[in-house]
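Read off the chains here:
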Amino acid sequence: MTPTSPSTPPPDDLPADADDRTRQIAEHLVALRARIDRAAAAADRRDRPELVVVTKTFPAEDVVRLARLGVGEVGENKDQEASAKAAETDELLGALSEAPPRPRWHFVGQLQSNKARSVLNYADVVHSVDRSSLLKALVRAGAERADRPVDCLIQVDLRRQVPEDARGGAAPDRIGAMAERIAEAEGLRMAGLMAVAPLDEDPAPAFARLAELSEELRRGHPEAAWISAGMSGDLEAAVAAGATHLRIGRDVLGHRPEPR
Ligand SMILES: *Cc1c(COP(=O)(O)O)cnc(C)c1O
């Protein structure tokens, strides 16, 4: 993260009582949006992907700062941290006289089946549906909130050779069957695909494979049009491949203590 340059213009939507951290986040958002605009222009895209700011390791106060800056979609990767943070965010927002809308919570991390019910208590989107045991638990928990369906993305493992016991992504040949099951489930909505670029590969061809898999999926499920791809390090490749949702943490909130 480069330090804030004094020449960065202040964003227009800065709250009058903004603290230093709010100003810093606002400046990062301005720079990020410019970066996304450049990536979209380079890819000849007129539309812009949705921005999901990944708030893992950062406090609920930052979620409130983001909400006041107009960021309404936030992502988390651990249920324990996320459920506490969502509750605390609601409390903090409830204490504000002019509160922005409650953010929508995206669960983006590996999810244990026994945490599915807890996640569906606060999350509006689950990006990481990657195996049938988890799906079974989500179907069961989803039936209890059928009035407020959860958007589900199938997380795909984009490695060319996916080991049998892989975690953090389904093999591409599993997408069809999982999509059927999500589409049939009460309380779940089949929204699209998600992937993290493989560590040891150029992200561009990997995201191009994801776009192909998405096209294939949409033949049977035209509503499943979301492509969640792109993080701080590889958003250009994701925008070029047609990502509809970017999941950005560090570029907005700064460095997290490593390793995670
Ligand atoms: C942490 C995380 C992100 C954000 O990564 P940054 O490099 O901080 O932008 C995106 N997706 C997932 C699944 C994550 O766990």
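Residues numbered from 1 in each chain as written. Predicted model: local features only at pLDDT ≥ 70, side-chain atom pairs only at ≥ 80, totals over all residues. Heavy atoms only, no water.

Participant: Go over the site of the ligand with me, naming the residues and quoting the values.
Facilitator: Within the structure, the ligand sits among Val54, Lys56, Val108, Met231, Ser232, Arg247, Ile248, Gly249, Arg250 and Arg256. In this structure, an oxygen atom belonging to the ligand sits 2.7 Å away from a side-chain N or O atom of Arg250. In this structure, an oxygen atom belonging to the ligand sits 2.7 Å away from a side-chain N or O atom of Arg256. Bound to the protein, the ligand loses 93% of the 390 Å² it would expose on its own. Taken together, the residues of the shell around the ligand sort by class into four nonpolar, two polar and four charged. (Near = heavy atom within 4 Å. Polar contact = N/O pair within 3.5 Å; in protein donor to acceptor, adjacent residues only side chain to side chain. Areas by Shrake-Rupley, 256 points an atom, 1.4 Å probe, with all protein chains shown as cover. Nonpolar A, V, L, I, M, F, W, Y, C, P; charged D, E, K, R; others polar.)

Participant: Outline the packing of aromatic side chains, supporting the account with residue identities and numerical values.
Facilitator: Applying the stated criterion across every chain, the model contains zero aromatic pairs. Between the NZ or CZ atom of Arg189 and the centre of the ring of Trp226, over which it lies, the distance is 5.6 Å. (Phe/Tyr/Trp six-rings, centres within 6.5 Å; stacked < 30°, edge-to-face > 60°. Lys NZ or Arg CZ within 6 Å of the ring centre and 35° of its normal.)

Participant: Kindly report on the nonpolar core, identifying the contributing residues and their values.
Facilitator: The nonpolar side chains of a soluble globular protein tend to be buried with one another. Judged by nonpolar contacts, the single largest core of 67 residues is most densely connected at Leu66, Ile154, Leu210 and Val252. When residues in this core are grouped by element, the largest group, seven residues, is from helix 1 (residues 20–42). For Ile154, the contacting residues outside a window of four places in its chain are His127, Val129, Ala170, Ile175, Met178, Ala179, Ile182, Met190, Gly192, Leu193 and Met194. Formed by five residues, the second largest nonpolar core is a distinct cluster that contains Leu153, Ala191, Met194 and Trp226. (Core = buried A, V, L, I, M, F, W, Y, C linked by side-chain atoms within 4.5 Å. Buried < 20%, exposed > 50% of the residue type's maximum accessible area, 1.4 Å probe, protein only. Helix = DSSP H or I, 4+ residues; strand = E, 2+ residues; numbered from the N terminus. Contact = heavy atoms within 4.5 Å.)

Participant: Got a sec to walk through unusual backbone geometry? Specific residues and values, please.
Facilitator: Despite not being glycine, Asp44 shows a phi value in the positive range, around 60°. If you trace the backbone, Asp44 turns up in the loop between helix 1 and strand 1 (50–54). Of the residues examined, Asp44 reaches a relative accessible area of 74% and is grouped as exposed.

Participant: Describe in detail the packing of helix 1 against helix 2 (residues 60–68), supporting the description with residues and values.
Facilitator: Running from N to C, helix 1 and helix 2 cross one another at 55°; their axes reach a closest spacing of 10 Å. Regarding the angle of helix 1 to helix 2, the classification is oblique. When you trace helix 1 past helix 2, the crossing you get is right-handed. Facing Arg21, Thr22, Ile25 and Leu29 of helix 1, the residues of helix 2 in contact are Asp62, Arg65 and Leu66. (Axes fitted to C-alpha atoms, helices over the stretch in contact; angles between N-to-C directions. Parallel < 35°, antiparallel > 145°, perpendicular 65-115°, else oblique. Left-handed = near helix turned anticlockwise from the far one by under 90°.)

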